[in-house]
Amino acid sequence: YPITHQLIKDGRKNKVLSKKIKSKIKVTMTHGQKDEVVPISFSKKVLANFKGAKKKLLIIKNGDHSLSNKNYLQKIIKELDKIVVDII
């Protein structure tokens, strides 16, 4: 992924960790336990910014950054099914 000057400018403009989000929505984040690119603590920080929301962090055991393994994808699909059922 090319890191451009525009990417850096956009990142500074849209700092997700510096803004609080007041909403009562359900927020689910999925993170691989063995992600070597983005630490789990980042997902926890993002979730902490959702004030009043019902939050869930799904940590996939032995999952890497991409979570592209068939078993990992099945866990994500299962979680998405729960979300869709709750909406309907």
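Refer to the structure presented above.
Conventions we followed
Note on numbering: residues in each chain are counted from 1, in written sequence order. For a predicted model such as this one, the threshold for reporting local features is a pLDDT of at least 70, and the threshold for listing and counting side-chain atom pairs is 80 or more; totals across whole chains, interfaces and linings nevertheless cover every residue. With hydrogens and water stripped out, all remaining heavy atoms of the structure feed into the side-chain values. In this scheme, a residue with accessible area under 20% of its type's maximum is buried, one over 50% is exposed, and one in between is partly exposed, where area comes from a 1.4 Å probe on protein chains only. The secondary structure listing takes helices from DSSP runs of H or I that are at least 4 residues long and strands from runs of E that are at least 2 residues long, numbered from the N terminus. The arc in question is the one spanned by the directions pointing from the helix axis to the C-beta atoms. It only takes one pair of heavy atoms within 4.5 Å for two residues to be counted as in contact. Residues form patches when they are more than 30% accessible in relative terms and have no salt bridge. Like charges link within 9 Å. Nonpolar side chains (Val, Leu, Ile, Met, Phe, Trp, Tyr) link within 5 Å. Every accessible area reported is derived by Shrake-Rupley at a probe size of 1.4 Å, with residue values counting cover from the shown protein chains alone. Only one rule defines a salt bridge in this text: a Lys or Arg side-chain nitrogen within 4 Å of an Asp or Glu carboxyl oxygen. His residues and chain termini do not enter the charge count, which takes Lys and Arg as positive and Asp and Glu as negative. Note that the charge is assigned to NZ on lysines, CZ on arginines, CG on aspartates and CD on glutamates. In protein, a polar contact means a hydrogen-donor-capable atom and an acceptor-capable atom, both N or O and within 3.5 Å, with residues adjacent in sequence counting only if both atoms are side-chain atoms; elsewhere, any N or O pair within 3.5 Å suffices.

Participant: Requested: an account of helix α2 (residues 40–48), with residues and values cited.
Facilitator: All buried positions along α2 are accounted for by S43, V46 and L47. One side of α2 holds all its buried residues, which, seen down the axis, span an arc of 100°. Contact partners of the buried residues in α2: β2 (26–32), β3 (50–51) and β4 (54–60).

Participant: Account for a positive patch on the surface, naming residues and giving values.
Facilitator: Residues K34, K61, K75 and K78 make up a contiguous surface patch of positive charge. Along the chain, K78 falls in helix α3 (residues 70–87). K78 gets classed as exposed once you look at its relative accessible area, which sits at 55%.

Participant: Which residues make up the side chain of S43, and what are the values?
Facilitator: Tracing the backbone through its elements, the reader meets S43 in helix α2. Residue S43 is classed as buried on the basis of its relative accessible area of 3%. Within the structure, S43 has its side chain in polar contact with the side chain of H31 (distance 2.6 Å). In this view, S43 contacts M29, H31 and L57; residues no more than four positions away in its chain are not counted.

Participant: Can you break down the side chain of N49 residue by residue, with the values?
Facilitator: Here N49 is to be found in the loop between α2 and β3. Side chain to side chain, N49 and K20 meet in a polar contact 3.1 Å long.

Participant: So, unusual backbone geometry: which residues are in play, and what are the values?
Facilitator: Phi is positive for N62, close to 65°, though the residue is something other than glycine. Tracing the backbone shows N62 in the loop between β4 and α3. Its identity as a non-glycine residue notwithstanding, L67 has a phi of 50°, on the positive side. Residue placement: L67 occurs in the loop between β4 and α3.

Participant: Describe a nonpolar patch on the surface, and please don't skip the residues or the numbers.
Facilitator: A contiguous nonpolar surface patch, about 280 Å² in accessible area, is contributed by I3, L7 and I8. Locating I3 in the fold gives a position in the segment before α1 (5–13). The exposed category is assigned to I3, whose relative accessible area is 68%.

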